[in-house]
Amino acid sequence: MDPIKKIAYNCRKATFLIEKQQLSSITLKEKFELKIHLAGCSVCKIFQQQSILINKMVSKHLADQYKDLVLDKDFKDKLHQKILDTIHRIN
Amino acid sequence: MDNSLGHPIFDKNIASPGTWVSQYADYLFRYAMSRLNDEEQARDLVQETFLSGLEKLDNFKGISSEKTWLTAILKNKIIDIYRKKSSRSNQTVSTEETDYDRQDFFDPENGHWNNQHQPSPFAVEHEDLLVSKEFNKILQQCMQKLPSLWFSVFSMKHLDDEATEFICTELKVTPANFWVIIHRTKVNLRSCLQKNWL
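As a starting point, this report considers the structure included with it. Each chain has its residues counted from 1, running along the sequence as written. Throughout, the order in which chains and ligands are written sets their labels, letters from A for the former and numbers from 1 for the latter. For a predicted model such as this one, the threshold for reporting local features is a pLDDT of at least 70, and the threshold for listing and counting side-chain atom pairs is 80 or more; totals across whole chains, interfaces and linings nevertheless cover every residue. Where side-chain values are given, they derive from all heavy atoms of the structure, hydrogens and water being excluded.

### Some points on the overall build of chain A
In step 1: In this description a helix means any DSSP run of H or I spanning at least four residues, a strand means any run of E spanning at least two, and both kinds are numbered starting from the N terminus. Helix and strand content of chain A: five helices and zero strands.
In step 2: Starting at the N terminus and ending at the C terminus, chain A contains elements arranged as α-α-α-α-α.
In step 3: Burial statistics for chain A: of 91 residues in total, 40% are counted as buried.
In step 4: Accessible surface, chain A: about 5400 Å² in total, of which carbon and sulfur atoms supply 56%. Whether a residue is buried, partly exposed or exposed follows from its accessible area with a 1.4 Å probe, protein chains only, as a fraction of its type maximum: under 20%, in between, or over 50%, in that order. Areas reported as accessible are Shrake-Rupley estimates using a 1.4 Å probe. Residue values count occlusion only from the protein chains shown.

### Comments concerning the overall build of chain B
In step 1: The helix and strand tally for chain B stands at nine helices and zero strands.
In step 2: Looking at chain B as a whole, 51% of its 198 residues are labelled buried.
In step 3: Contacts in chain B between residues at least 24 apart in sequence constitute 68% of all its contacts with a sequence separation of at least 6.
In step 4: Of the roughly 10100 Å² of accessible surface on chain B, a fraction of 48% belongs to carbon and sulfur atoms. Here a residue-residue contact requires only that any non-hydrogen atoms of the pair lie within 4.5 Å.

### With respect to the state of the cysteines
Residue and element names in this part refer to chain B.
In step 1: Note on terminology: pairs of cysteine sulfur atoms within 2.5 Å are recorded as disulfides. Enumeration according to the criterion identifies one disulfide over all chains in this entry.
In step 2: Between the sulfur atoms of Cys142 and its disulfide partner Cys192 the distance amounts to 2.1 Å. Its torsion about the S-S bond being -80 degrees, the disulfide of Cys142 and Cys192 is classed as left-handed. Highlighted residues: Cys142 in helix H6 (residues 133-144) and Cys192 in helix H9 (residues 175-197), separated in sequence by 50 residues. Like Cys192, Cys142 is buried.

### Some thoughts on the pattern of salt bridges
Residue and element names in this part refer to chain A.
In step 1: Counted as salt bridges are all cases of a side-chain nitrogen of Lys or Arg within 4 Å of a carboxyl oxygen of Asp or Glu. Considering all chains together, one arrives at eleven salt bridges over all chains under this definition.
In step 2: The residue Asp77 makes a salt bridge to Lys73 at a minimum N-O spacing of 2.8 Å. With Asp77 and Lys73 both in helix H5 (residues 73-90) and four residues apart, this pair spans about one turn of that helix.
In step 3: Judged by relative accessible area, which is 61%, Lys73 ranks as exposed.
In step 4: Here the residues in one salt-bridge network are Lys13, Lys29 and Glu33, joined through shared partners.

### Examining helix H8 (residues 164-171) of chain B
In step 1: Within H8(B), burial applies to Thr164(B), Ile167(B), Cys168(B), Glu170(B) and Leu171(B).
In step 2: Lys172(B) sits one or two positions beyond H8(B) and adopts a positive phi of about 55 degrees.

### Focus: the environment of Asn55(A)
Residues and elements named next belong to chain A.
In step 1: Structurally, Asn55 can be placed in helix H4 (residues 42-61).
In step 2: On the basis of relative accessible area, Asn55 is assigned to the buried category, the value being 9%.
In step 3: Within polar-contact distance, the side chain of Asn55 engages the side chain of Gln22 at 2.9 Å. Side-chain atoms alone can form a polar contact between residues adjacent in sequence; in general such a contact is a pair of N or O atoms within 3.5 Å, and within protein one must be able to donate a hydrogen while the other accepts it.

### Observations regarding a negative patch on the surface
Residues and elements named next belong to chain B.
In step 1: Patch membership requires more than 30% relative accessible area and the absence of a salt bridge. Residues of like charge join within 9 Å; the nonpolar side chains Val, Leu, Ile, Met, Phe, Trp and Tyr join within 5 Å. Two residue types count as positive, namely Lys and Arg, and two as negative, namely Asp and Glu; His and chain ends fall outside the count. Charged side chains are reduced to one point each, which is NZ for Lys, CZ for Arg, CG for Asp and CD for Glu. Together, Asp38, Glu39, Glu40, Asp44 and Glu48 make up a negatively charged patch on the protein surface.
In step 2: Structurally, Asp44 can be placed in helix H2 (residues 39-55).
In step 3: Judged by relative accessible area, Asp44 falls into the partly exposed class, the value being 41%.

### Points about the interface of chain A and chain B
In step 1: Contacts between chain A and chain B engage 46 residues on the former and 54 residues on the latter.
In step 2: Counting the surface lost from both chain A and chain B, the interface buries some 5000 Å², and carbon and sulfur atoms represent 72% of this.
In step 3: Along the contact surface separating chain A from chain B lie three salt bridges.
In step 4: At the junction of chain A with chain B, the criterion picks out 16 residue pairs in polar contact (both at pLDDT 80 or more).
In step 5: At the level of elements, helix H2 (11-23), H4 and H5 of chain A are the ones that each hand at least two residues to the side of chain A that touches chain B.
In step 6: For the side of chain A that touches chain B, the leading source of residues is H4(A), giving 15 residues. The term buried area means the drop in 1.4 Å probe accessible area that two parts suffer when joined, counted for both and summed.

### As for helix H3 (residues 28-40) of chain A
All names here are of chain A.
In step 1: To estimate how far a helix should extend, the number of its residues minus one is multiplied by 1.5 Å. Helix length check: H3 (13 residues) gives 19 Å between terminal C-alpha atoms against 18 Å at 1.5 Å per residue, within 8%.
In step 2: Three or more residues of H3 are buried, namely Glu30, Glu33, Leu34, His37 and Leu38. Burial along H3 is one-sided: seen end-on, the buried residues are contained in an arc of 130 degrees. Residues Leu28, Lys29, Lys35, Ala39 and Gly40 are exposed on H3 and point more than 90 degrees away from its buried face. The arc in question is traced by the directions running from the helix axis to the C-beta atoms.

Shape is all these values report; function is a separate question.
This is the structure in C-alpha cells:
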C-alpha cells in the first residue's frame, strides 16, 4: 500500500493524531496526513467533533457539577476545633 | 502576638488558620471531589491539607494568597493518591486495563474502525449537550470506569492543564505511553458516552 493510501484508511492513526493535535503539536507531515484522512472519512470527522466536545465538557463543566456541594457543619466544627488545638500546641 | 488566631487580619503576608475552615473548607472539598469523586477521601484530604498547612506555616510568605497556597498543598496530596493508585494497578498488570485493551475498536490489520465501534452522531446539538446536567453525569460515570492510571493522566491533563512532562514524571509513564493513554482514554470515553446516552 502506498503511504497516502495507508493513512487514508488508518482510523487508529488518524484518531491518535486528532488527540495529540488538541493537546500538543503535530508535524507538518502529520497535519497533511490527517487532513487527507478527514477529507475522506466522515466517521473520524464525527470522532473529532465529539472529542473536542468532551474536552470542553471536562475542563469547563465537570467541576461545576459540585458547585453546590458543602461539607456538613459537624465535620467543619470538629475540624475548626482541631486546628485551634493544634495552634495552641505549636505556640 | 497571636495573629494567627482568626482575627480578621488583612495583611496578606500573615496566614490566619482560625478562619480557614469557614473560608476554604467547602472550596477545597469541591476541588478534591471533582478530581477524586470519593467523598470520604475528599474529606480526609481537606483535613490533611489544613494540618499540613499548620505545620508549614513558616513557609507561607504571602507571595500567593492563602487560598492558592492551600490549594497547592491539596493538589500535591491528590497527585500522591493518583500515583499510589496507578503504581498499584501497574503492579497487578491491571486486569481492568487489559480488559479495556481487548475491546478492539480498530481492525488490527488496517486500523479501520470496526463496525460495531464506529462513532455515530449524538443526535443532539453539541451546544445543548454542553449544558446538559444529565450528559455531564454520564461523562463523570464513564470517567470513573477508566483504569486508574488513565483517569489520573486524563484529569491531570484536562482538569489541571498540567504540562505533559510533569505528568510523565509524576506518574512514571514515558511520553510515548502518555499519548497512547490519552488516545485510548478518549476512544473509550467517547464510546461509553455513545452507549449510555443514546
